[in-house]
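As a plain string of letters, each chain reads:
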Amino acid sequence: MSALRLLSSTSRRVRSAFLQQKRRYAEAAGKLNLSLVLPHQAIFTSADVVQVNISAATGDMGILANHVPSIEPLRPGVVEVIDSNNTSKKWFVSSGFANVHPGNKLTINVVEAAPLDSFAPEAVRTNLQEALKVAAGNGTEEEKMEARIEADVYEALQHALGSK
């Protein structure tokens, strides 16, 4: 019988501790410590920002201070950084991962990134048409798959430029 009381007592303490650590919504009041890095360059290194919007594989999401820790794979799309002056900077990224750490730290590792305003809409449109032509053509399966991936990235870039 004493083992049952001990188990019951332990269960109540664990439940009480769990209820005290309730998950809450993120707050815009604090700062987020951002590191945005590529294999060959660091765009941000421990910079304090207000919000970061990412194109996660599961959908677009905004990250504020006190966000729940998570790891998000990134799809081709825009990473938008909003600083304390409410200034927005946008980069187009090809792929990568966003890691939200406890303590308001966000690390984004990407394969390639470029400022969104460095792309010419007409060049993107032309390259997209070329990639779609190769994907639908008579090339090898490998060439078609590479062209389909290229077309997916250009479509995401075209969408990002349209919502600039």
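Residues numbered from 1 in each chain as written. Predicted model: local features only at pLDDT ≥ 70, side-chain atom pairs only at ≥ 80, totals over all residues. Heavy atoms only, no water.

K.L.:
Pulling in residues and values, what's your account of the side chain of Ser70?
P.N.:
Take Ser70: it is sitting in strand 5 (residues 70–74). Sequence-distant contacts of Ser70, defined by excluding residues within four places in its chain, comprise Ala98, Asn99 and Val100. (Helix = DSSP H or I, 4+ residues; strand = E, 2+ residues; numbered from the N terminus. Contact = heavy atoms within 4.5 Å.)

K.L.:
So, the packing of aromatic side chains: which residues are in play, and what are the values?
P.N.:
Tallying each qualifying case throughout the model produces 2 aromatic pairs. Residues Phe44 and Trp91 carry aromatic rings whose centres are separated by 5.4 Å and whose planes lie at 80 degrees to one another, so their mutual orientation is edge-to-face. Of the two residues, Phe44 sits in strand 2 (residues 42–49) while Trp91 sits in strand 7 (residues 88–93), which places them 47 residues apart along the sequence. The same class applies to Phe44 as to Trp91, namely buried. Ring centres 6.1 Å apart and planes at 75 degrees place the aromatic pair Phe92 and Phe119 in the edge-to-face group. (Phe/Tyr/Trp six-rings, centres within 6.5 Å; stacked < 30°, edge-to-face > 60°. Buried < 20%, exposed > 50% of the residue type's maximum accessible area, 1.4 Å probe, protein only.)

K.L.:
How would you explain unusual backbone geometry if you had to name every residue and give the values?
P.N.:
Positive phi values are uncommon outside glycine, yet Ser46 reaches one of about 50 degrees. Within the secondary structure layout, Ser46 lies in strand 2. Positive phi is not limited to glycine here, since Asn86 has a value of about 65 degrees. Residue Asn86 is classed as exposed on the basis of its relative accessible area of 64%.

K.L.:
Break down a negative patch on the surface for me, citing the residues and quoting the values.
P.N.:
On the surface, Glu130, Glu142, Glu143, Glu146 and Glu150 cluster together into a negatively charged patch. The leading source of residues in the negative patch is helix 3 (residues 141–162), at 4 residues. Considering the arrangement of structural elements, one finds Glu130 in helix 2 (residues 121–135). (Patch = residues over 30% accessible without salt bridge, like charges linked within 9 Å, V, L, I, M, F, W, Y side chains within 5 Å. Areas by Shrake-Rupley, 256 points an atom, 1.4 Å probe, with all protein chains shown as cover. Salt bridge = Lys/Arg side-chain N within 4 Å of Asp/Glu carboxyl O. Lys, Arg positive; Asp, Glu negative; His and termini not counted. Charge placed at Lys NZ, Arg CZ, Asp CG, Glu CD.)

K.L.:
Which residues make up helix 3, and what values do they have?
P.N.:
Its 22 residues place the ends of helix 3 31 Å apart at the C-alpha level, agreeing with the 32 Å of an ideal helix rising 1.5 Å per residue. If you check which residues of helix 3 are buried, you get Ala147, Ala151, Tyr154, Ala156, Leu157, Ala160 and Leu161. Summarising the contacts, the buried residues of helix 3 are in contact with strand 6 (77–82), strand 7 and helix 2. (Expected span 1.5 Å × (residues − 1).)

K.L.:
Run through the packing of helix 2 against helix 3, naming residues and quoting values.
P.N.:
Running from N to C, helix 2 and helix 3 cross one another at 155 degrees; their axes reach a closest spacing of 8 Å. By the criterion of interaxial angle, the relationship of helix 2 to helix 3 is roughly antiparallel. In terms of crossing hand, the pair formed by helix 2 and helix 3 is left-handed. Here helix 2 contributes Pro121, Val124, Arg125, Asn127, Leu128, Ala131, Leu132, Val134 and Ala135 to the contact with helix 3, which in turn contributes Glu143, Lys144, Ala147, Arg148, Glu150, Ala151, Tyr154, Glu155, Leu157, Gln158 and Leu161. Of the residues assigned to the contact of helix 2 with helix 3, the class counts are 12 nonpolar, 2 polar and 6 charged. (Axes fitted to C-alpha atoms, helices over the stretch in contact; angles between N-to-C directions. Parallel < 35°, antiparallel > 145°, perpendicular 65-115°, else oblique. Left-handed = near helix turned anticlockwise from the far one by under 90°. Nonpolar A, V, L, I, M, F, W, Y, C, P; charged D, E, K, R; others polar.)

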